[in-house]
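Remarks on the overall topology
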Amino acid sequence: MDTTFTLDQLSALTDLPLRTIRYYIQLGLVDRHEGDRKHARYTQKHLDQVLKVRAMADQGTPLERIKQLMHGIATPPAPPKTAGDISVISKVFMAPGVELHLEPQIAGLSPEKLRLFVRSVLTTWEEINASE
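Residues numbered from 1 in each chain as written. Predicted model: local features only at pLDDT ≥ 70, side-chain atom pairs only at ≥ 80, totals over all residues. Heavy atoms only, no water.

Once that is clear, we can look at the overall build of the protein chain. Each helix and strand counted, the protein chain has six helices and two strands in total. Along the protein chain, from the amino end to the carboxyl end, the secondary structure elements read α-α-α-α-β-β-α-α. By the compact-globule yardstick of 14 Å for 132 residues, the protein chain is too spread out, its C-alpha radius of gyration being 21 Å. The principal-axis extent of the C-alpha atoms belonging to the protein chain is close to 70 × 40 × 25 Å. Within the span of the protein chain, comprising 132 residues, buried residues form 23% of the whole. Restricting to contacts in the protein chain with at least 6 residues of sequence separation, those with at least 24 account for 44%. (Helix = DSSP H or I, 4+ residues; strand = E, 2+ residues; numbered from the N terminus. Rg over C-alpha atoms; globule rule 2.2 N^0.38 Å. Buried < 20%, exposed > 50% of the residue type's maximum accessible area, 1.4 Å probe, protein only. Contact = heavy atoms within 4.5 Å.)

Turning to the packing of helix 1 (residues 7–14) against helix 2 (residues 18–27), a few remarks are in order. For the pair helix 1 and helix 2, the least separation of the axes is 9 Å and the interaxial angle reads 105°. In terms of orientation, helix 1 lies roughly perpendicular with respect to helix 2. Two secondary-structure elements touch here, helix 1 through Leu7, Asp8, Leu10, Ser11 and Thr14 and helix 2 through Leu18, Ile21 and Arg22. Considered class by class, the residues forming the contact of helix 1 with helix 2 number four nonpolar, two polar and two charged. (Axes fitted to C-alpha atoms, helices over the stretch in contact; angles between N-to-C directions. Parallel < 35°, antiparallel > 145°, perpendicular 65-115°, else oblique. Nonpolar A, V, L, I, M, F, W, Y, C, P; charged D, E, K, R; others polar.)

Here we come to the environment of Lys113. Mapped onto the fold, Lys113 is located in helix 6 (residues 111–130). The spatial distance from the C-alpha of Lys113 to the C-alpha of Gly60 is 8.7 Å, given a sequence separation of 53 residues.

With that settled, consider the side chain of Thr14. Residue position: Thr14 is located in helix 1. The exposure class of Thr14 is buried, given its relative accessible area of 2%. Within polar-contact distance, the side chain of Thr14 engages the backbone oxygen of Leu10 at 2.8 Å. The residues contacting Thr14, other than those within four sequence positions of it, are Ile21, Leu47, Val50, Leu51 and Arg54. (Polar contact = N/O pair within 3.5 Å; in protein donor to acceptor, adjacent residues only side chain to side chain.)

Structure follows, in structure tokens:
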């Protein structure tokens, strides 16, 4: 017989509040429970779904994008920019005359990935200048 879990057990196994798991279910990120409401049971499949959603959310992926990924929906390419479009650009000063301009949201960079990328570029810049 397959292992099943109560919502409390699922919460304990994933270290997420009950409310968060219910919200994931409401959004369609996690399948609904098995059985009637009073005797709701969750399977390994539910556990895997919650863990996958949590991992992506922890990386900064928006819940709407997670839903698309979970359901295999490919995101269409962003339309080309036109006059009057507004975008948020991160500008990183590297050295006199050297700046890095990024659009993290379009690049799909979470805040953590953006920091890692900038640190990597700065390290590479320092290595290049040290070799002269």
